[in-house]
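Chain residues, written in single-letter form:
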Amino acid sequence: PPPPQPIGPPAIGTLVKFIGIVDTGKERIGAFSDCRTTFSGREGEIMEGRFRVVRIGVESAVVEYADGQGRTTLPLNGQACVGK
């Protein structure tokens, strides 16, 4: 028999990339892409109605689904969709 299929939403890193940071001096604003659209997010914000930005660091951002599932650390890539 085939192996069991994973239950739950797909891994966030397969859906969105962390491509840049704007540091205003008061806060960091992350730039993210789903390979169709580029969007921004601040810590605590929900982006695109799907993802919550938990923390934005110098080299990575922690993002989870809006319902709190699937928390993951996205490395700062700068090249969101190379090869797609």
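Predicted model only: the values in this text are computed from it and were never measured.

Draft legend 1. Layout of the pattern of salt bridges. Counted by the stated rule, this structure contains seven salt bridges. Between glutamate 27 and arginine 42 there is a salt bridge, with its nearest N and O atoms 2.8 Å apart. Placement of glutamate 27 in the loop between strand 1 (17-23) and strand 2 (28-33) and of arginine 42 in strand 3 (residues 38-42) is noted, with a sequence separation of 15 residues between them. We classify arginine 42 as partly exposed; its relative accessible area is 30%. Among the salt bridges present, the one from glutamate 45 reaches arginine 42, with a minimum N-O distance of 3.7 Å.

Draft legend 2. Summary view of the pairing of strand 2. Sheet topology places strand 1 next to strand 2; six bridges connect them, and they run antiparallel. When the sheet's bridge partners are listed, phenylalanine 18 is paired in strand 2 with phenylalanine 32. Between strand 1 and strand 2, which follow one another and run antiparallel, lie four residues, and glycine 25 among them has a positive phi close to 95°. Note: strand 2 against strand 3, five bridges, orientation antiparallel. In the strand pairing of strand 3, serine 33 is matched with threonine 38. Between strand 2 and strand 3, which pair antiparallel in sequence order, lie four residues; one of them, cysteine 35, sits at a positive phi of approximately 75°.

Draft legend 3. Quick peek at the nonpolar core. Val16, Phe32, Met47, Phe51 and Val63 are the most contacted members of the largest nonpolar core, which has 13 residues in total. Secondary-structure elements contributing two or more residues to this core are strand 5 (51-56) and strand 6 (60-65).

Draft legend 4. The arrangement of the sheet that holds strand 6 in detail. Spatially, 4-5-6-7 is the arrangement adopted by the four strands of the open sheet, whose pairing is antiparallel. The sheet is open, and its two borders are formed by strand 4 (46-47) and strand 7 (72-75), each paired with just one other strand. Here strand 4 runs beside strand 5; their pairing, made up of two bridges, is antiparallel. By the bridge assignment, methionine 47 is partnered in strand 5 with phenylalanine 51.

Quick notes on the rules
Residues numbered from 1 in each chain as written. Predicted model: local features only at pLDDT ≥ 70, side-chain atom pairs only at ≥ 80, totals over all residues. Heavy atoms only, no water. Salt bridge = Lys/Arg side-chain N within 4 Å of Asp/Glu carboxyl O. Helix = DSSP H or I, 4+ residues; strand = E, 2+ residues; numbered from the N terminus. Buried < 20%, exposed > 50% of the residue type's maximum accessible area, 1.4 Å probe, protein only. Pairing = 2+ DSSP bridges. Core = buried A, V, L, I, M, F, W, Y, C linked by side-chain atoms within 4.5 Å.

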